[in-house]
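# Chain and residue survey
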Amino acid sequence: KGSMVQGLTAHYYANASFRGKPVVTRVDKQINFDWDAARPVPGVPAKSFSVSWTGTVQAPTPGEYMMQVTLSHCYPCHDLESYTMWVDGHQVASGATNESSSSRSSRMPVFTVDFKNTKPHSFRLEYSHKSKLFGAGITLNWYPPEAALREQAVAAAKKSDVVVAVMGLSPDFVGEEMPIKVPGFNGGGKTKLTLPETQQELLHALVATGKPVVVVLMAGSAVALDWSAEHAAAILDAWYPGEAGGTAIGETLSGVNDPGGKLPVTFYQSVKQLPPFTDYSMKNRTYRYFTGQPLYAFGYGLSYTRFQYSNVHLSTKSLAAGAPLMVDADVTNTGKMAGDAVTEVYVAPPQNGVNPLHALKGFDRVHLAPGQTRHLTFTLGARQLSLVNEAGKRNVEPGKYQIFVGGSQPTGNAAQTVDFSIHGTKALPE
């Protein structure tokens, strides 16, 4: 988005018809704005305004480039938006919405621009918005030749000490009822868990330079990074981080911040580890019933320091159904850097073919200086110790249970696992 377009001077008008003098004139780095329910700039009304961007556009290699304007999502719309784009004084695209329509697609038709050379070309894009409600915003997208960009990335990597490769997915490809059908994506859903093929090719090329590659993963769901797990120097899962995401990522990569996050979902190796989509049973679904070896387990997460758990004990090893259970443990920062210890408490119930293998029932996050120890106490009530049977009824059931306390899912470490029993049965509200 926008990296082809340079030196953008933006004129913002307080009406939708470019009349009068602009209220604000400024330099915009790129055309990528969402002004839904917001004024684009001070002094310009949110319901009626226009913007004119002028600058230059420069292609990395000669050829035909697909481009597309995306308008901000809105519902209900009832707005009138229009845009027109010129290159070298020639109109190359235009479009408008229907003011009477209550809904519309945010994607305008794709158009092509033929760049004969890599010299700067004059550029102008005009956008106007008028509505009774909200829904303003515009993004200019371009689809460059993959090979050319990959060559540029590899050339830059060869000159670098460390490569930070920002990879992942986008709301442009993953969502609900989307007109997208490309390898790995269909209708807003994912048909594969891997990175898009073009990103995989780029990552392979970057690793082939011999430079350390740090993958920063942007996504709203699990991604199978099996090849990256073997070849990347590090992987930082940033999800969709928001406005302060760049600062947070930079501080974490530079060591100013010690990461303490834990995965809220299972990262499977591939879709082959999952049952068919039409199978509605819980077998091998979610960490509670998954019997395979995931790529990264639910609750997993590394730190620049290390934490040790000890002195795990329970208030009782023979619990009456419905009574609370107290879980105590110590956590110590055994590393050389201050950091946040995220302690996870799992309960493993009796196995009968229906109960989960184990389930997270409590967690706590504490900041520890190097060498510091904190004593933690968790209270597990009847609901946290209950199970749902095949009839859909929730009860505290009798039997032998296990409690595990640590920084991840149960590992089999006897020092962090304590057995206890529940006697009697207690029915709970659904």
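That block above? That's the structure.
Residues numbered from 1 in each chain as written. Predicted model: local features only at pLDDT ≥ 70, side-chain atom pairs only at ≥ 80, totals over all residues. Heavy atoms only, no water.

As a further point, take the overall build of the protein chain. The secondary structure content of the protein chain amounts to five helices and 27 strands. If one aligns the C-alpha atoms of the protein chain with their principal axes, the spans along those axes are about 80 × 55 × 45 Å. Long-range contacts, defined as pairs at least 24 residues apart, comprise 70% of the intrachain contacts of the protein chain with a sequence gap of at least 6. For the protein chain, the computed accessible surface area is about 22,500 Å², with 54% contributed by carbon and sulfur atoms. On the protein chain, the mean spot of the 37 positive side-chain charges and the mean spot of the 34 negative ones are 2 Å from each other. (Helix = DSSP H or I, 4+ residues; strand = E, 2+ residues; numbered from the N terminus. Contact = heavy atoms within 4.5 Å. Areas by Shrake-Rupley, 256 points an atom, 1.4 Å probe, with all protein chains shown as cover. Lys, Arg positive; Asp, Glu negative; His and termini not counted. Charge placed at Lys NZ, Arg CZ, Asp CG, Glu CD.)

Once that is clear, we can look at helix H1 (residues 146–158). In an α-helix, one turn spans 3.6 residues; hence positions three or four apart end up facing the same way. Between its terminal C-alpha atoms H1 stretches 18 Å, which fits the 18 Å expected from 13 residues at 1.5 Å a residue. Along H1, the positions that sit buried rather than exposed are Ala-148, Val-154 and Ala-157. Of the surrounding secondary structure, the elements contacted by the buried residues of H1 are strand S11 (163–168) and helix H2 (197–207). (Expected span 1.5 Å × (residues − 1). Buried < 20%, exposed > 50% of the residue type's maximum accessible area, 1.4 Å probe, protein only.)

Strand order in the open sheet formed by three strands is S17-S19-S22, with antiparallel pairing between adjacent strands. Looking at which strands have only one partner, the edges of the open sheet turn out to be strand S17 (307–314) and strand S22 (373–380). Strand-to-strand twist of the sheet, defined as the mean angle between neighbouring strand axes without regard to direction, takes the value 20°. In this structure, S17 lies alongside strand S19 (residues 325–333), joined through six bridges in antiparallel fashion. Bridge pairing links His-313 to Asp-328 in S19. (Pairing = 2+ DSSP bridges. Axes fitted to C-alpha atoms, helices over the stretch in contact; angles between N-to-C directions.)

Let's shift gears to the pattern of salt bridges. By the definition in use, this model includes six salt bridges. Here Arg-26 makes a salt bridge to Asp-28, at a shortest N to O gap of 2.7 Å. Here Arg-150 and Glu-201 are joined by a salt bridge, their closest N and O atoms 3.4 Å apart. In this pair, Arg-150 sits in helix H1 while Glu-201 sits in helix H2, placing the two residues 51 residues apart along the sequence. (Salt bridge = Lys/Arg side-chain N within 4 Å of Asp/Glu carboxyl O.)

This next bit is on the nonpolar core. Counting residues in each nonpolar core, the largest one holds 34 residues, and the members touching the most others are Tyr-12, Trp-35, Trp-53, Phe-123, Tyr-127 and Ile-138. Of all the secondary structure elements, the ones that give two or more residues to this core are strand S1 (5–13), strand S4 (48–57), strand S5 (63–71), strand S6 (79–87), strand S8 (111–115), strand S9 (121–131) and strand S10 (137–143). Non-local contacts of Phe-123, meaning those with residues more than four positions away in its chain, are made with Val-5, Leu-8, Ile-31, Trp-53, Thr-54, Gly-55, Thr-56, Val-57, Met-85, Trp-86 and Leu-140. Counting residues in each nonpolar core, the second largest holds 27 residues, with Leu-325, Val-327, Val-331 and Val-418 among its members. (Core = buried A, V, L, I, M, F, W, Y, C linked by side-chain atoms within 4.5 Å.)

So, on to the sheet that holds strand S12 (residues 181–182). Two strands in a sheet stick together by hydrogen bonds in their backbones, pointing the same way (parallel) or opposite ways (antiparallel). Here three strands make up an open sheet; going across it, the order is S12-S13-S14 and the pairing antiparallel. At either end of the open sheet lies a strand with only one pairing partner, and these are S12 and strand S14 (189–190). Sheet topology note: the S12/strand S13 (residues 185–186) ladder contains two bridges and is antiparallel. Across the sheet, residue Lys-181 finds its bridge partner in S13, namely Asn-186.

Counting buried positions along S10 yields six of seven residues, so the element is predominantly enclosed. Two elements, strand S3 (residues 32–34) and S10, share three bridges in a ladder whose sense is antiparallel. Opposite Asp-34, over in S10, you have Gly-137 as the bridge partner. Across six bridges, S5 lies against S10 in antiparallel orientation. Pairing of Met-66 across the sheet is with Tyr-143, part of S10.

Before going further, it helps to examine the packing of H1 against H2. Their axes nearest at 10 Å, the elements H1 and H2 cross at an angle of 30°. Between H1 and H2, the crossing angle belongs to the class labelled roughly parallel. In this structure, the crossing between H1 and H2 has a hand that is right-handed. Residues Glu-146, Arg-150, Ala-153, Val-154 and Ala-157 of H1 touch H2, and the partners they reach there are Thr-198, Glu-201, Leu-202, Ala-205 and Leu-206. Of the residues assigned to the contact of H1 with H2, the class counts are six nonpolar, one polar and three charged. (Parallel < 35°, antiparallel > 145°, perpendicular 65-115°, else oblique. Left-handed = near helix turned anticlockwise from the far one by under 90°. Nonpolar A, V, L, I, M, F, W, Y, C, P; charged D, E, K, R; others polar.)

On to H2. Every buried residue of H2 is listed here: Gln-199, Leu-203, Leu-206 and Val-207. Angular distribution of buried residues about the axis of H2 spans 95°; they occupy a single face of the element. Residues of H2 that are buried in the fold lie against H1, S11, strand S15 (213–218) and helix H3 (226–231). (Arc of directions from axis to C-beta.)

Turning to the environment of Pro-349, a few remarks are in order. Tracing the chain through its elements places Pro-349 in the loop between strand S20 (339–348) and strand S21 (359–368). Here Pro-349 falls in the buried class, since its relative accessible area comes to 8%. Remark: the alpha-carbon pair of Pro-349 and Gly-399, spanning 50 residues in sequence, is separated by 7.7 Å. In contact with Pro-349, other than residues within four places in its own chain, are Asn-355, Pro-356, Leu-357, His-358, Leu-387, Lys-400 and Tyr-401.

The tally for this structure, following the rule as stated, stands at 15 aromatic pairs. Where Phe-33 meets Trp-53, the ring centres are 6.1 Å apart and the plane angle is 10°; that geometry is what we call stacked. On the criterion of sequence distance, the pair formed by Phe-33 in strand S3 and Trp-53 in strand S4 is long-range, its members being 20 residues apart. The same class applies to Phe-33 and to Trp-53, which are both buried. Positioned above the aromatic ring of Trp-86 is the side chain of Arg-124, whose terminal nitrogen or guanidinium carbon lies 3.7 Å from the ring centre. (Phe/Tyr/Trp six-rings, centres within 6.5 Å; stacked < 30°, edge-to-face > 60°. Lys NZ or Arg CZ within 6 Å of the ring centre and 35° of its normal.)

Quick look at a nonpolar patch on the surface now. A surface patch of nonpolar side chains, about 320 Å² in accessible area, is lined by Val-162, Val-164, Val-166 and Leu-253. With relative accessibility at 46%, the residue Val-162 sits in the partly exposed group. (Patch = residues over 30% accessible without salt bridge, like charges linked within 9 Å, V, L, I, M, F, W, Y side chains within 5 Å.)

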